[in-house]
Amino acid sequence: MSAPLFSMYTISPELPAMFDGMKLAAVATVLYIIVRCLNLKSPTAPPDLTYQDTPLNRFLLKSCPQLTKEYIPPLLWGKSGHLQTALYGKLGRVNSPHPSGVRKYLPMQDGATATFDLFEPQGDHRTGDDITMVICPGIGNHSEKHYIRTFVDYAQKDGYRCAVLNHLGALPNIELTSPRMFTYGCTWEFAAMVGYIKRTYPQTQLMVVGFSLGGNIVCKFLGENSMNQERVLCCVSVCQGYSALRAQETFLQWDQFRRFYNFLMADNMKKIILSHRHSLFGGNPVKTIDLDLGPLYTATSLMQIDDNIMRKFHGHSSLKEYYEKESCVHYIHNVNVPLLLVNSADDPLVHESLLTIPRTLAAKKPNVIFSLTLHGGHLGFFEGAVLFPQPLTWMDKVIVGYANAMCQWEKQKPPCHIA
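Residues numbered from 1 in each chain as written. Predicted model: local features only at pLDDT ≥ 70, side-chain atom pairs only at ≥ 80, totals over all residues. Heavy atoms only, no water.

In the nomenclature of an unreviewed UniProt entry, the protein chain is known as Monoacylglycerol lipase ABHD2 of Sander lucioperca. Taken from UniProt, the Subcellular location (unreviewed entry) comment for the protein chain reads in full: "Cell membrane". Taken directly from UniProt, the Sequence similarities (unreviewed entry) text for the protein chain runs: "Belongs to the AB hydrolase superfamily. AB hydrolase 4 family." (UniProt positions renumbered as here; feature names shortened; annotations may be inferred.)

This is how it looks when you write it as structure tokens:
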């Protein structure tokens, strides 16, 4: 009886091999998912450039090596646009410095108070000239954000004065003084900051820099009036979408989880608006928007917030009108100063269809260079060997490198002689 019982409870020799095979298949599946999600098989490459072959563009590309050399993100996660974007959104930057600046307050005609932070250079510029970078951050951002602090510190050390706009309503400790806050394309506060810099530093030349939504604002500002381009050496725009009207449809798609990002940004906008509910919806002699906050509380997309709240700050009759009037796509062709437009192919917020706008512009206008990196996400552009990113990003280096090249070009240009 013992022999049959023993055989009944004896594990077949094939079973361990089967379990080992299942483990191997599970490990292989996990590795496959990791490789796909982290995009590990994607190659690294120099940015894809669109530009006209002019002496200036040849000089800029030769003098700013970041535009022609391979951009290498951190090996294990840097090829994922989502992780690059998430790290920017959560941490901003690694080991962010704390540059010391002075906050300025500018009264506006409608009763609003614009604020910006002014940071003096930490040494002479390499050309000996007085150069000021006028900087417009991304949506709901300000001078205290880590990515702004990192860039300002880097620019200061290279001899640039920096003026950083604080979007109206973005700073949590600054109360609104009128029933209005920043919108997608309103240039009033940025124009006030630029005007102050021009008056206060009559010898300074300007470098205009815009990040994400700030890129839309600065390009629209320069294209609205040719006088806005006076004393401007160049402009750099990073990770903007160019047309809100064309972007709104893509933000409702689940491709690249864009609908999820739309929800997160809408939730952040709701928090900013509700933090100023008294200034915006009550307690003011002039009310520009309805008091009903129901649509705001239930909104799950930026488009719903824009339609119910944001467009009303400037009296737009419809969401379509608001997006058309506030998008730089209708003004950017008027910009004649050297213009560098930077985007990332794996930016989960900017659909690839929107990139035909800068690509077509760069092919038509000799002053424009369009740089499209394979990786970088939305305002990420982290660099590093394997796991840990460096404090400075490719984005920081390319903006300052391009600015330095423009200053060098202006310095070596022969003076214009009037006959």
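Read on, since the account is not over.
Chemist: I'd like a rundown of the overall build of the protein chain, residues and numbers included.
Modeler: Along its length, the protein chain carries 15 helices and nine strands. Counting all 419 residues of the protein chain, 54% fall into the buried class. With an accessible surface of roughly 19500 Å², the protein chain has 60% of that area assigned to carbon and sulfur atoms. (Helix = DSSP H or I, 4+ residues; strand = E, 2+ residues; numbered from the N terminus. Buried < 20%, exposed > 50% of the residue type's maximum accessible area, 1.4 Å probe, protein only. Areas by Shrake-Rupley, 256 points an atom, 1.4 Å probe, with all protein chains shown as cover.)

Chemist: Describe in detail the packing of aromatic side chains, supporting the description with residues and values.
Modeler: Counted under the stated rule, the structure contains twelve aromatic pairs. With 5.3 Å between their ring centres and 80° between their planes, Tyr-88 and Tyr-147 make a pair best called edge-to-face. With Tyr-88 in helix α4 (residues 81-91) and Tyr-147 in helix α5 (residues 146-157), this pair connects stretches of sequence that are 59 residues apart. Summarising the burial analysis for this pair, Tyr-88 and Tyr-147 share the class buried. Among the aromatic side chains, those forming a connected cluster through ring pairs are Tyr-88, Tyr-147, Phe-151 and Phe-211. Directly above the aromatic system of Tyr-201 lies the positively charged group of Arg-161, at a separation of 3.7 Å from the ring centroid. (Phe/Tyr/Trp six-rings, centres within 6.5 Å; stacked < 30°, edge-to-face > 60°. Lys NZ or Arg CZ within 6 Å of the ring centre and 35° of its normal.)

Chemist: Which residues make up the sheet that holds strand β4 (residues 131-136), and what values go with them?
Modeler: Taking strand neighbours across the sheet as the criterion, the nine strands line up as β1-β9-β8-β7-β6-β4-β5-β3-β2 in an open arrangement whose pairing is mixed. In the strand order of this sheet, the two ends are held by β1 (48-50) and β2 (102-107), each with one partner. Adjacent strand axes in the sheet meet at a mean angle of 20° when their direction is disregarded. In this sheet, strand β5 (residues 161-166) lies alongside β4 in parallel orientation, the contact comprising four bridges. Paired with Thr-132 across the bridge in β5 is Arg-161. Sitting on the sheet, helix α6 (residues 188-200) touches β2, β3 (113-119), β4, β5 and β6 (205-211), and the angle it makes with β4 is about 170°. (Pairing = 2+ DSSP bridges. Axes fitted to C-alpha atoms, helices over the stretch in contact; angles between N-to-C directions. Contact = heavy atoms within 4.5 Å.)

Chemist: Go over the packing of helix α3 (residues 55-63) against helix α15 (residues 394-412), please, and point to the residues and values.
Modeler: α15 packs onto α3 with a crossing angle of 130° between their chain directions and a minimal axis gap of 9 Å. Taken together, the axes of α3 and α15 lie oblique to each other. The two elements α3 and α15 meet at a crossing, and its hand is right-handed. Of the residues in α15, those in contact with Pro-55, Leu-56, Phe-59, Leu-60 and Ser-63 of α3 are Tyr-402, Ala-405, Met-406, Gln-408, Trp-409 and Gln-412. Of the residues contributing to the contact of α3 with α15, the split by class is eight nonpolar, three polar and no charged. (Parallel < 35°, antiparallel > 145°, perpendicular 65-115°, else oblique. Left-handed = near helix turned anticlockwise from the far one by under 90°. Nonpolar A, V, L, I, M, F, W, Y, C, P; charged D, E, K, R; others polar.)

Chemist: How would you explain the side chain of Glu-189 if you had to name every residue and give the values?
Modeler: Checked against the element boundaries, Glu-189 lands in helix α6. A relative accessible area of 5% places Glu-189 in the buried class. Leave out the neighbours within four places in its chain, and Glu-189 touches Met-108, Ala-114, Leu-165, Leu-168 and Arg-180.

Chemist: Hey, could you go over α4 for me, with residue numbers and the actual values?
Modeler: Owing to its 3.6 residues per turn, the α-helix aligns residues three or four sequence positions apart on the same side. Looking at α4, one finds that the buried residues are Gly-81, Gln-84, Thr-85, Leu-87 and Tyr-88. Buried residues of α4, viewed axially, fall in a sector of 160°; they line one side. Those residues of α4 that are exposed and angled more than 90 degrees off the buried face are Gly-89 and Lys-90. Taken together, the buried residues of α4 touch α5 and α9 (258-275). (Arc of directions from axis to C-beta.)

Chemist: So, the state of the cysteines: which residues are in play, and what are the values?
Modeler: Throughout the structure, instances matching the rule amount to zero disulfides. Between Cys-328, a cysteine without a disulfide, and Cys-219, which holds the nearest cysteine sulfur, the sulfur-to-sulfur distance is 4.9 Å. Judged by its relative accessible area of 0%, Cys-328 falls in the buried class. (Disulfide = S-S within 2.5 Å.)

Chemist: Please set out the UniProt feature "active site" (unreviewed entry) in the protein chain residue by residue, giving values where relevant.
Modeler: Sequence positions flagged by UniProt for "active site" (unreviewed entry) are, in local numbering, Ser-212, Asp-347 and His-378. A maximum C-alpha distance of 11.0 Å among these annotated residues, which run over 167 residues, shows that they cluster at one spot. In this structure, Ser-212 sits in the loop between β6 and α7 (213-224). Taking relative accessible area as the criterion, Ser-212 reaches 12% and is therefore assigned buried. In contact with Ser-212, other than residues within four places in its own chain, are Gly-138, Val-238, Cys-239, Gln-240, His-378 and Leu-379. By relative accessible area, Asp-347 is classed as buried at 3%. If near-sequence neighbours (up to four positions away) are discounted, Asp-347 is found in contact with Cys-239, Gly-377 and His-378.

Chemist: Go over the nonpolar core with me, naming the residues and quoting the values.
Modeler: One finds Met-181, Phe-190 and Ile-273 to be the most contacted residues of the largest nonpolar core, which totals 73 residues. Looking at this core, the element that brings in the most residues is α9, giving seven residues. Judged by nonpolar contacts, the second largest core, of 47 residues, contains Tyr-160, Cys-162, Leu-340 and Val-398. (Core = buried A, V, L, I, M, F, W, Y, C linked by side-chain atoms within 4.5 Å.)

Chemist: Describe unusual backbone geometry, listing the residues and the values that go with them.
Modeler: For Ser-212, which is not glycine, the phi torsion reads 55° and is therefore positive. Positive phi outside glycine occurs at Leu-379, with the angle close to 60°. Counting through the fold element by element, Leu-379 comes out in the loop between β9 (368-373) and α15. A residue is classified by how much of its surface remains accessible, and Leu-379, at 0% relative accessible area, is buried.

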